[in-house]
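Residues per chain, in single letters:
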Amino acid sequence: MNLDWAWLNRNLEMIGGLLVEHVILALVPVVLAFVISLPLGYLVFKTGKPANVLLAILGVIYSIPSLALFVLMPLVLGTQILNPVNIAAALAVYSIALLVRSVVDGLRSVPPSVQQSASAMGYGTFRRLWGVDLPLAMPVIFAGLRVVTVSNIALVTVATLVGSGALGKLFDLGFGSYFYTPIIVALVLTLALALIADGLILLLQRGSLPWLRRRVAA
C-alpha cells in the first residue's frame, strides 16, 4: 500500500486540477446556501409553530440519498448528466436544508429577556435582528456551516458515480485498476481539505465573534 512516487510526480498537474475542481464544487454551494439560508431561515423562524413542519420537510430533503439527487438534478435543471452544475445544485439543496435549521435554532437560542431589553431600548424589528438576534445566533449558525462544509467536501467524491466527482475520480481510477496510490492520494487530500476548511471557518467565527472568544477564555 506504499505510494508510487513516480506515478504521483507524473500526475501532479492532473491531481492539482481535480483538487481545484473539488474545492469549487464543494464550497461554492456552501456560499450560495449561506446567503440564501439567512433570510429563508428568518422567515421560517417567524412562522412560529409551523416552522417545525417546514423544518421536518427540509429534514426529509436532506435525507434523500446524494446519488439519487445527483441523477435527479439534470431532469429538474434540463442540463446534461455530466454537467458539474448538477453537483453544485444538489449540494446547494443539501446545504440550504441544513443551514435553514441552523438559522432557526440559532434564533431560537436568543434569550427572550435580551430581546425584550433591546425592544425596550428602542430597537425596531430589523435593527434588533442585525444588532442583537443574529449576532447571538451566529455560534449555532457557524456550527451548522462547519457541518455543511465538511459534508459537501465528502459528498463531492460520490459524484464520481455520475461522471464527475473531482478527487473522487482518483477513487474510481484506483479501484478500477487495483492501484492504491490514487486512492491514498484522494483520501489524504479530501481529509486535508475538510480539516483546512473547518479550521478556516472556526478562525472566521472567532474573528467575527470576539465576545464569544473572551467568554470561552474566561
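Quick caveat: nothing in here was measured; it's all calculated off a predicted structure.

Give me the lowdown on unusual backbone geometry, citing residues and values where you can.
Its identity as a non-glycine residue notwithstanding, Tyr178 has a phi of 55°, on the positive side. Given a relative accessible area of 71%, Tyr178 falls into the exposed group.

Any details on the packing of helix α4 (residues 66-77) against helix α5 (residues 84-108)? Residues and values, ideally.
Between α4 and α5, the shortest axis-to-axis distance is 9 Å and the interhelical angle comes to 115°. For the crossing formed where α4 meets α5, the hand is right-handed. Between α4 and α5, the residues in contact are Ser66, Leu69, Phe70, Met73, Pro74 and Leu77 and Val85, Asn86, Ile87, Ala89, Ala90, Leu91, Val93 and Tyr94, respectively. By residue class, the composition of the contact of α4 with α5 is twelve nonpolar, two polar and no charged.

Any chance you could break down the pattern of salt bridges for me, citing the residues and the numbers?
Scanning all chains against the criterion turns up two salt bridges. Salt-bridge contacts for Arg128 lead to Asp133; the nearest nitrogen and oxygen are separated by 3.2 Å. We note that Arg128, like Asp133, is buried.

Lay out the layout of surface pockets with the relevant residues and their values.
The calculated volume of the largest pocket comes to roughly 260 Å³. Lining the largest pocket are 13 residues, with Val30, Val31, Leu145, Thr149 and Ile201 positioned closest to its centre. Among the residues making up the lining of the largest pocket, the classes are represented as twelve nonpolar, one polar and no charged.

A description of helix α7 (residues 125-158) should follow, citing residues and the corresponding values.
Every α-helix winds through 3.6 residues per turn, so residues three or four apart in the chain are directed the same way. Along its 34 residues, α7 runs just 43 Å from first to last C-alpha, ending more than 12% under the 50 Å computed at 1.5 Å per residue. The largest bend along α7 reaches roughly 45° and is located at Met138, with the proline Pro139 sitting one to four residues downstream.

Describe in detail the packing of aromatic side chains, supporting the description with residues and values.
What the rule picks out here adds up to two aromatic pairs. Plain terms: the ring middles of Trp7 and Phe179 are 5.7 Å apart, the flat faces sit at 80° to each other, and that makes the pair edge-to-face. Placement of the pair is Trp7 in helix α1 (residues 5-10) and Phe179 in the loop between α8 (168-177) and α9 (180-208), with a sequence separation of 172 residues. Given a relative accessible area of 8%, Trp7 falls into the buried group.

The rules we used
- In this convention, every chain numbers its residues from 1, walking through the sequence in written order.
- Only residues with pLDDT of 70 or above have their local features reported here, since the model is predicted, and side-chain atom pairs are shown and tallied only from 80 upward, although totals for entire chains, interfaces and linings are computed over all residues.
- Excluding hydrogens and water, the side-chain values take into account all heavy atoms of the structure.
- Throughout, exposure labels follow a simple rule: accessible area from a 1.4 Å probe, protein chains only, divided by the maximum for the residue type, with under 20% read as buried, over 50% as exposed, and the rest as partly exposed.
- Helix axes use the C-alpha atoms of the stretch in contact, all axes being lines fitted to C-alpha atoms, and the angles between their N-to-C directions lie in the range 0 to 180 degrees.
- Put simply, DSSP marks the helices as runs of H or I at least four residues long and the strands as runs of E at least two long, and each gets a number from the N terminus on.
- We call a crossing left-handed when the near helix sits turned anticlockwise from the far one by less than a right angle, and right-handed when that turn is clockwise.
- In this analysis, two residues are considered to be in contact whenever any of their non-hydrogen atoms come within 4.5 Å of each other.
- Each residue is assigned to one class: nonpolar for Ala, Val, Leu, Ile, Met, Phe, Trp, Tyr, Cys and Pro, charged for Asp, Glu, Lys and Arg, and polar for all the others, Gly among them.
- What counts as a salt bridge is simple: a side-chain nitrogen of Lys or Arg found within 4 Å of a carboxyl oxygen of Asp or Glu.
- The method works on a 1 Å grid over the protein atoms by themselves. A cavity is a set of points holding a 1.4 Å probe that cannot get out, a pocket is an open set with protein on both sides within 12 Å along at least five of seven lines, and residues with an atom within 4 Å of a point line them.
- Grid points are joined across faces, edges and corners, and a volume is the space filled by probe spheres set on the points.
- Expected span of a helix, by definition, is 1.5 Å for each gap between consecutive residues, and there is one gap fewer than residues.
- Bend at a given residue is defined as the angle between two axes, one fitted to the seven residues that end at that position and one fitted to the seven that begin there.
- Here is the rule: rings of Phe, Tyr and Trp (six-membered ring for Trp) pair when centre to centre is within 6.5 Å. Planes less than 30 degrees apart are stacked, more than 60 are edge-to-face, and the remainder are tilted.

All quantities given are derived from atomic positions and should not be read as evidence of function.
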